[in-house]
Amino acid sequence: MKKNNFDFTIPQRQSYVAILMIVWKTYRILIRQVFPFLVIFFVGKSAKSGFGDYFLYFVSAIALIGMIYSILAFFRYYFHIEEDKLIVEKGIFGRSKTIIPFERIQTINFEENIAHQLFSVLRLKVDTAGSSQKEFEFDAIAKDQAYALRELILEKKSKLKPIAAKGRSEAATVEEKKTYTSILKLSIIDLIKVGITENHFRSGSLILFAIYWMWDNLREAGIDAEKYTEGIDPLAGGVIILISLAVVFVILSFLFSLFRTVLKYYGLEFWRSDNGFKISSGLFTKKDVSALDHKIQMVSWSDNLLRKIVGYYQLSLKQASSIAINNKSSINIPGCRQDQIDMVTRALYGSRAFDDIEMESVDKRFMYRRMVFLSLIGIPFIALGYFDTKPFFIVLGVVLMIYFIVTSYFRYKKCKFGHNEKMVMIRGGLFGDKAETLPIIKLQNIELSQSPYQRRKKLANVKIYTAAGSVTIPYVGFDRAIRLTDYLLYKTESSNKRWM
Amino acid sequence: MEFSNQQIEESELPSVLDIKYRSIQKKHRTVSIIVSTILALILLAIPLTINILSGDTWFFDHIIYIVGICCAVYGFLILLSFKGYANKGYAMRERDIIFKQGWIWRSSTIVPFNRIQHTEIDQGPIERMFGLSKLKIFTAGGSSSDLKIPGLLPDTANRLKDYIQIKVGRDEEE
């Protein structure tokens, strides 16, 4: 037996490789903090000889302290197992002792980046139950040791009696050692298809943001980027340059999103276990994320215009997490087909979960209001173009207005909601479609709100909060909103099923 | 074993429309007026200090506008204190607690007892002077959705908290 090779009852350190990881982590934080100063130092005018020397000493001192700190942190970090508790001791000056009973451990996830792969170690993340307790991680543990540790914890955990089984089965959280059936595996071709059909607008805006940020930093550092663009007459040569810039920009966005997709989803595989889902992907940093059925609060899927052509959806399983609600704790799978989505919802909610849901439209005024308010954005452009006699701005303003009017129409047409006895479904989208589904009992609280306009027209917004984010149904007739609220509350309050 | 499973018509469900809200303590209005005053003074003090420190006369040159803007903001805050107080209200039902608020944009939030994680009673320094407490009710729905009922007498807040505790405990037993 492998696990007999390791005695976890003796306090021990992580693999020595962890020093590297901790140093890397510390430096990354440090560099992020002092980056603007570094830029100033290397390229700025302020690098006068005397100041520069001091600055160099300062940086070296910080680097040295960071190094020593990391090494000390490593040597002062012990973990061991005592009966059925995992105990972690750490702290350079003050010692802190963290005790994690096995039954609190929800999932154990592994992660490896290139350095990990090189030294055959793993980063081990332990996610614990409870809202206030934070999760913790080991930076690097030898691979076989990590597997042995996980096996040991899960084995001991499964032997533990579930603490006062109240509706939820604690034993069910032992998710390893179960059979995994593969739901989806993305091949390289799938991956490229997913990359091509990405939302390029988003990549574009990321690039724009990065450029802006760099520009800003350079300017702060005393480099005048504007002097390179001074010679260009903004109107005459401007149009050609603008168009070519736009073309370059589009190509860049496209390549960037393709690159990002491959990086993030390379070798993606998505499994179903007995009581949860697991996904693993990543080119350099391989990442494993698991989600247990009872932790999943919402399931949503969406596509866009391009994805519609290839028939792909992006599926996301949003789970409640002990840390603040964020994207990290939800499983995102691009390149899902309809039948795979059906498989997932069938596994989670049963085979006819969405039957007899009658989708209802929201009030037409949702569209009118959006049209009026959003197209107001175009007016300053038109005014500017009119008074400055620049036809370009007038065209831009009109295009903006038409865009907002058309999109408001689409938004309204796609915005629908409905429910049956168990599930709530909300549809939306702009050019693509989006569906969000959640079991009614996952509701945490519900908010009815009205603007003065909505009060006059007897309309209301219904916002449903869950432990993994919220969904809003806008512009529902007031009576309908009340009926919906009453029904959802009745279902939630009369059921003794756990939301987690 | 007692078991019933009658069909329930949607129209027979208890409705949030029928709720009679209880208003909060009137002293809460005074508290929010004082808070608004402090806020307005701080707003005024920031440009003033910057000006004095930098030796600029900008502040005094534009004193009319600045005072005007401050008065407008202050007036609005005072109005908000009055209207906000009038529109705040809470209610308890057998299985949930409801809090409504807002003057221009109105909202009411309903938290079922079987979703409450924990409750807290909070008292700011000014609230303490007026003998008021704030009841905070936390769910797993995230900080933006937590209920905060201000302007309660400490006694009321405690009773509400105890009541909720009993309700939450009963739900866990079931």
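Rules of the game
- Residues numbered from 1 in each chain as written.
- Chains lettered and ligands numbered in written order.
- Predicted model: local features only at pLDDT ≥ 70, side-chain atom pairs only at ≥ 80, totals over all residues.
- Heavy atoms only, no water.
- Helix = DSSP H or I, 4+ residues; strand = E, 2+ residues; numbered from the N terminus.
- Buried < 20%, exposed > 50% of the residue type's maximum accessible area, 1.4 Å probe, protein only.
- Contact = heavy atoms within 4.5 Å.
- Areas by Shrake-Rupley, 256 points an atom, 1.4 Å probe, with all protein chains shown as cover.
- Phe/Tyr/Trp six-rings, centres within 6.5 Å; stacked < 30°, edge-to-face > 60°.
- Lys NZ or Arg CZ within 6 Å of the ring centre and 35° of its normal.
- Expected span 1.5 Å × (residues − 1).
- Pairing = 2+ DSSP bridges.
- Buried area = accessible area lost by both parts, 1.4 Å probe.
- Salt bridge = Lys/Arg side-chain N within 4 Å of Asp/Glu carboxyl O.
- Polar contact = N/O pair within 3.5 Å; in protein donor to acceptor, adjacent residues only side chain to side chain.
- Nonpolar A, V, L, I, M, F, W, Y, C, P; charged D, E, K, R; others polar.
- Axes fitted to C-alpha atoms, helices over the stretch in contact; angles between N-to-C directions.

Participant: I'm lost on the overall build of chain B in this one. Help?
Facilitator: Tallying secondary structure elements over chain B gives five helices and seven strands in all. Reading chain B from its N terminus to its C terminus gives the helix and strand order β-α-α-α-β-β-β-β-α-β-β-α. With 174 residues in all, chain B has 38% of them scored as buried. Pairs at least 24 apart in sequence give 52% of the contacts found in chain B among residues at least 6 apart. Summed over its atoms, the accessible surface of chain B is roughly 10,700 Å², and 59% of this surface lies on carbon and sulfur atoms.

Participant: What am I meant to see in the side chain of glutamate 112 of chain A here?
Facilitator: Summarising the element assignment, glutamate 112 of chain A is placed in strand 4 (residues 105–112). Setting aside chain neighbours within four positions, we find glutamate 112 of chain A in contact with Gln117, Val121, Leu122, Lys143, Phe284, Thr285 and Lys286 of chain A.

Participant: What's the story with the packing of aromatic side chains in this structure? I'm lost.
Facilitator: Given two aromatic rings, their pairing is described by the distance between the two centres and the angle made by the two planes. Residue and element names in this part refer to chain A. Going through the model one piece at a time under the given rule, you end up with 19 aromatic pairs over all chains. Ring plane angle 55 degrees and centroid distance 6.3 Å describe the contact between tyrosine 180 and tryptophan 271, whose orientation is recorded as tilted. Of this pair, tyrosine 180 sits in the loop between helix 4 (143–159) and strand 7 (181–185) while tryptophan 271 sits in strand 8 (residues 269–272), and the two are 91 residues apart along the sequence. Looking at tyrosine 180, the relative accessible area reads 30%, which means it is partly exposed. For tryptophan 271, a relative accessible area of 17% gives the class buried. Site record: aromatic cluster; members linked through ring pairs are Tyr16, Phe74 and Phe75. Lying across the ring of tryptophan 271, lysine 278 places its NZ or CZ 5.2 Å from the centre. In this structure, arginine 369 packs its charged tip against the face of tyrosine 453, placed 3.4 Å from the ring centre.

Participant: It is not clear to me how helix 1 (residues 27–54) of chain B should be interpreted in this structure. Could you clarify?
Facilitator: Side chains three or four residues apart in an α-helix point the same way, a direct result of the helix having 3.6 residues per turn. Residues and elements named next belong to chain B. A rise of 1.5 Å per residue sets the reference length of helix 1, with its 28 residues, at 40 Å; its end C-alpha atoms lie 41 Å apart and thus fit the reference within 8%. At its buried positions, helix 1 is contacted by helix 2 (58–61), helix 3 (63–87), helix 4 (125–129) and strand 7 (147–152). Where helix 1 terminates, the next one or two residues include glycine 55, which has phi positive at roughly 70 degrees.

Participant: Even after reading the chapter, I still don't get the environment of serine 133 of chain B, so can you show me in this structure?
Facilitator: Residues and elements named next belong to chain B. If you trace the backbone, serine 133 turns up in strand 6 (residues 133–139). Since its relative accessible area comes to 3%, serine 133 is described here as buried. Sequence separation of serine 133 and asparagine 158 is 25 residues, and the distance between their C-alpha atoms is 9.1 Å. Apart from the residues within four sequence positions on either side, serine 133 is in contact with Ile121, Asp122, Gln123, Ile149, Pro150, Gly151, Leu152, Pro154 and Ala157.

Participant: Sorry if this is basic, but what is going on with the pairing of strand 4 (residues 106–112) of chain B here?
Facilitator: Of all seven residues in strand 4 of chain B, six are buried, a share of seventy percent or more. Here strand 18 (residues 445–450) of chain A runs beside strand 4 of chain B; their pairing, made up of five bridges, is antiparallel. If you follow isoleucine 446 of chain A over to strand 4 of chain B, its bridge partner there is isoleucine 110 of chain B. Relative to strand 4 of chain B, strand 3 (residues 96–101) of chain B is paired through six bridges, and the arrangement is antiparallel. Bridged to isoleucine 98 of chain B within strand 4 of chain B is isoleucine 110 of chain B. Adjacent in sequence and paired antiparallel, strand 3 of chain B and strand 4 of chain B are bridged by four residues, among which glycine 102 of chain B carries a positive phi angle near 105 degrees.

Participant: Looking at this model, I keep getting lost on the interface of chain A and chain B. Mind explaining?
Facilitator: Quite often, the size of an interface is put as the accessible area lost when its parts meet. Contacts between the two partners involve 33 residues from chain A, matched on the other side by 31 residues from chain B. Summed over both partners, the interface of chain A with chain B comes to about 2,700 Å²; 51% of that surface belongs to carbon and sulfur atoms. For the pair chain A and chain B, the number of links is zero salt bridges. Taken together, the links from chain A to chain B amount to 12 residue pairs in polar contact (both at pLDDT 80 or more). For the side of chain A that touches chain B, the elements supplying multiple residues, two or more each, are strand 18, helix 13 (452–456), strand 19 (459–466) and helix 14 (478–494) of chain A. If you tally residues by element for the side of chain A that touches chain B, the top one is helix 14 of chain A, at 10 residues. Counted by class, the side of chain A that touches chain B contains 14 nonpolar, 11 polar and eight charged residues.

Participant: Can you walk me through the sheet that holds strand 3 of chain B in this structure?
Facilitator: Strand pairing in a sheet relies on backbone hydrogen bonds, with the paired strands running either antiparallel or parallel. Spatially, seven strands are ordered 20(A)-19(A)-18(A)-4(B)-3(B)-2(B)-1(B) in an open sheet, and the strand pairing comes out antiparallel. The sheet is open, and its two borders are formed by strand 20 (469–477) of chain A together with strand 1 (22–23) of chain B, each paired with just one other strand. Where strand 18 of chain A and strand 19 of chain A come together, five bridges link them in antiparallel fashion. By the bridge assignment for strand 19 of chain A, isoleucine 446 of chain A is matched with isoleucine 464 of chain A. Each of strand 18, strand 19 and strand 20 of chain A together with strand 3 and strand 4 of chain B is contacted by helix 14 of chain A, which is oriented at about 145 degrees to strand 20 of chain A, the strand it contacts most.

Participant: What is the right way to read unusual backbone geometry from this model?
Facilitator: All names here are of chain A. Despite not being glycine, aspartate 356 has its phi angle at roughly 40 degrees, a positive value. The topology assignment puts aspartate 356 in the loop between helix 9 (338–349) and strand 14 (360–361). Classification of aspartate 356 as exposed rests on a relative accessible area of 66%. Even without a glycine there, the phi angle at lysine 458 is positive, about 55 degrees. The class of lysine 458 is exposed, set by a relative accessible area of 58%.

Participant: Please clarify how the pattern of salt bridges should be interpreted in this entry.
Facilitator: In a structure, side chains of opposite charge can pair up when their charged atoms sit close to one another. Enumeration over the complete set of coordinates arrives at 14 salt bridges over all chains. The partner of glutamate 198 of chain A in a salt bridge is arginine 307 of chain A, with the nearest N and O atoms 3.5 Å apart. You can see glutamate 198 of chain A sitting in the loop between helix 5 (188–196) and helix 6 (200–220) and its partner arginine 307 of chain A sitting in helix 8 (residues 305–310), a full 109 residues away along the chain. Accessibility classification places glutamate 198 of chain A together with arginine 307 of chain A in one group, the buried group. For arginine 93 of chain B, the salt bridge goes to aspartate 96 of chain B, with nearest N and O atoms at 2.8 Å. When salt bridges with common partners are traced through the structure, they connect Asp303, Lys308 and Asp433 of chain A into a single cluster.

Such coordinate-based values are descriptive only and should not be taken to indicate function.
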